[in-house]
Amino acid sequence: MIAKEIFQSSLAVRDPISFIRENRPFETSSVLTDSLSVKDNRTGKQYEIPIAEDAIRAAELRKIKVSDSELGVLSYDPSLANTASCRSKITFIDGDAGILRYRGYPIEEIAEKKEYLEVAYLLINGEFPSKGEYETWSKNITYHTNVHENVKKFMDGFHYDAHPMGMLVSSVAALSTFYPDAKQIFQEQSRQLQIYRLVGKIPTLAAFAYRHSQGMPYNYPRNDLSYSENFLSMMFRPPGYSPYHPDPVLAKALNVLFILHADHEQNCSSTAMRVVGSSHVDPFSAAAAAIAGLYGPLHGGANEEVVRMLEEIGSKEKVPEIIRQVKEGKRLLFGFGHRIYKNYDPRAQIIKKMADNVFGVTGKNSLLEIALELEKTALSDDYFIKRKLYPNVDFYSGLIYQAIGLPVEMFPVVFAIARMSGWLAQWQEMLLDSEQKIARPRQIYTGYAERHIDSK
Ligand code: CMC
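Computed from a prediction, not measured in an experiment: that's the story for all the values here.

1. Some thoughts on the site of the ligand
Part 1: In the vicinity of the ligand lie 20 residues, with His299, Leu333, Gly335, Phe336 and Arg339 positioned nearest.
Part 2: Here a nitrogen atom of the ligand sits 3.2 Å away from a polar atom, N or O, in the main chain of Leu298.
Part 3: Separating a nitrogen atom of the ligand from a backbone N or O atom of Leu333 is a distance of 2.8 Å.
Part 4: In the complex, the protein chains occlude 69% of the 930 Å² of accessible area that the ligand would expose alone.

In structure tokens, the structure reads:
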């Protein structure tokens, strides 16, 4: 069937653009005549480079050369800002329109109607689970929430003020030493087991890191609770026999935050997961690299920076001065701007709406007023308008985490819990993609030409 027919027969049920994107093979076919004509002015030669899915194959550029002994033309793309390194069916973002979809479902619908573990299943397996599939999936994840008792010992070895993200990176990497079977990455059953382990254990490790920093005994997982309730219980259940019932509004809010952070296609940490995983290392080691990527203040560390910044601003009256400093290039406005979104981040909108429910239970976060003023001032200022800088997911999420009772250091940790399912989905897709090999970018060498060590 030619592409046009496939397209028409599907119009009734599918969004045409995503249908074409999903079904158009990269290799040119008889209906795909799109190409790029490139003339090399060094030689006068003309090249036809096929365009498919709005992309050219970078390897095609290698044909462009002055002599056969050359490597050919490279594309230079620092930070990979305009390079597609994979074909993916997991997450779709239209940054100009402010659209985010997981496996085709709009984030707004998912956040309203689903549990985080259903979303994790969707990301990893491609569809929402049936009732039976969901029971098996949650049972298996719940069954793997406990960690080896030795984990507590090396947690104890961290300094009392160690950052919990540092503890999380290390403890997730350490899990690979407990599960040598995780090296069997091309065995489906083994991959599945490691997925249960990583999704199951990451809240436990995160909560242990927090309890260690507080000098409090670790709380073991409770398998009768939902994923977000269990995390709150491991974090906040007081020592001794004290019944602890996570507030349903806070547990629901955390569930939504987990969903909103679950995947975001080829960001820094997912790229780390794919790149490190492409060496065929076990998924615990690859996930530790992804968590390290998330730790930075330009990525998952930004929500922490937003709260620190709002605390530093201290009052609404100081907002114009901060905006002035940002415009003079003296500081960044954390929680603003995004490589992909050049419009309001849809996740920020959902969080902003949810904030009232949370503050209804916890009392208003005093920083909210400053955040709202900052947003209003920035969005009416030419500097931000011209650069299309809007609030991103991190602008309001920190205020909710703080209201829930999480210290700022734990914000990126919560992000990491949520993102684990996305990382695993990206990792598995990369492994099963026959076009993927070990990641190995090229460089443009700008150092010395050959020189020799002075014999004196
Ligand atoms: N505050 C002030 N100016 C900014 C900001 C900001 N937050 N973000 C971008 N700009 C300016 C930047 O200085 C540049 O100006 P000019 O054209 O005059 O040089 C212009 O906007 C374009 O910025 P860019 O640095 O080329 O944009 P990028 O795509 O490389 O960076 C970003 C994206 C998210 C790293 C950046 O916007 C940033 O540093 N934001 C603050 C940190 C933050 O909130 N990060 C969380 C991102 S969302 C969650 C996640 O993905 O982890």
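2. Focus: the domain arrangement of the protein chain
Part 1: The domains assigned to the protein chain are domain 1 (2–80) and domain 2 (104–438).
Part 2: A C-alpha centroid distance of 36 Å is found between domain 1 and domain 2.

3. Section: the nonpolar core
Part 1: Counting 122 residues, the largest nonpolar core has Tyr102, Leu168, Phe231, Ile291 and Leu310 as the members making the most contacts within it.
Part 2: Top element by residues in this core is helix H19 (residues 411–431). It accounts for 14 residues.
Part 3: The residues contacting Leu310, other than those within four sequence positions of it, are Leu367, Ile370, Ala371, Leu374 and Leu399.

4. A word on the sheet that holds strand S4 (residues 99–102)
Part 1: Taking strand neighbours across the sheet as the criterion, the three strands line up as S3-S4-S5 in an open arrangement whose pairing is antiparallel. Because the sheet does not close on itself, it has two edges, and the strands there are strand S3 (91–94) and strand S5 (105–106).

5. Here we look at the pattern of salt bridges
Part 1: Inspection of the entire model under this criterion finds 20 salt bridges.
Part 2: Across the pair Glu435 and Arg57 runs a salt bridge whose closest N-O atoms are separated by 2.8 Å. Pair noted here: Glu435 is in the segment after H19 and Arg57 is in the loop between strand S2 (46–50) and S3, with a separation of 378 residues, a long-range link.
Part 3: Notably, a salt bridge pairs Glu409 with Arg308, separated by 3.7 Å at the nearest N-O pair. Highlighted residues: Glu409 in the loop between helix H18 (393–404) and H19 and Arg308 in helix H13 (residues 302–313), separated in sequence by 101 residues.
Part 4: Look at Glu409 and you get partly exposed, because its relative accessible area is 29%.
Part 5: Since its relative accessible area comes to 36%, Arg308 is described here as partly exposed.
Part 6: Through salt bridges that share partners, Glu321, Arg324, Glu328 and Lys330 make up one connected network.

Cut-offs and rules
- Residues numbered from 1 in each chain as written.
- Predicted model: local features only at pLDDT ≥ 70, side-chain atom pairs only at ≥ 80, totals over all residues.
- Heavy atoms only, no water.
- Near = heavy atom within 4 Å.
- Polar contact = N/O pair within 3.5 Å; in protein donor to acceptor, adjacent residues only side chain to side chain.
- Areas by Shrake-Rupley, 256 points an atom, 1.4 Å probe, with all protein chains shown as cover.
- Domains from an automatic or database assignment.
- Core = buried A, V, L, I, M, F, W, Y, C linked by side-chain atoms within 4.5 Å.
- Buried < 20%, exposed > 50% of the residue type's maximum accessible area, 1.4 Å probe, protein only.
- Helix = DSSP H or I, 4+ residues; strand = E, 2+ residues; numbered from the N terminus.
- Contact = heavy atoms within 4.5 Å.
- Pairing = 2+ DSSP bridges.
- Salt bridge = Lys/Arg side-chain N within 4 Å of Asp/Glu carboxyl O.

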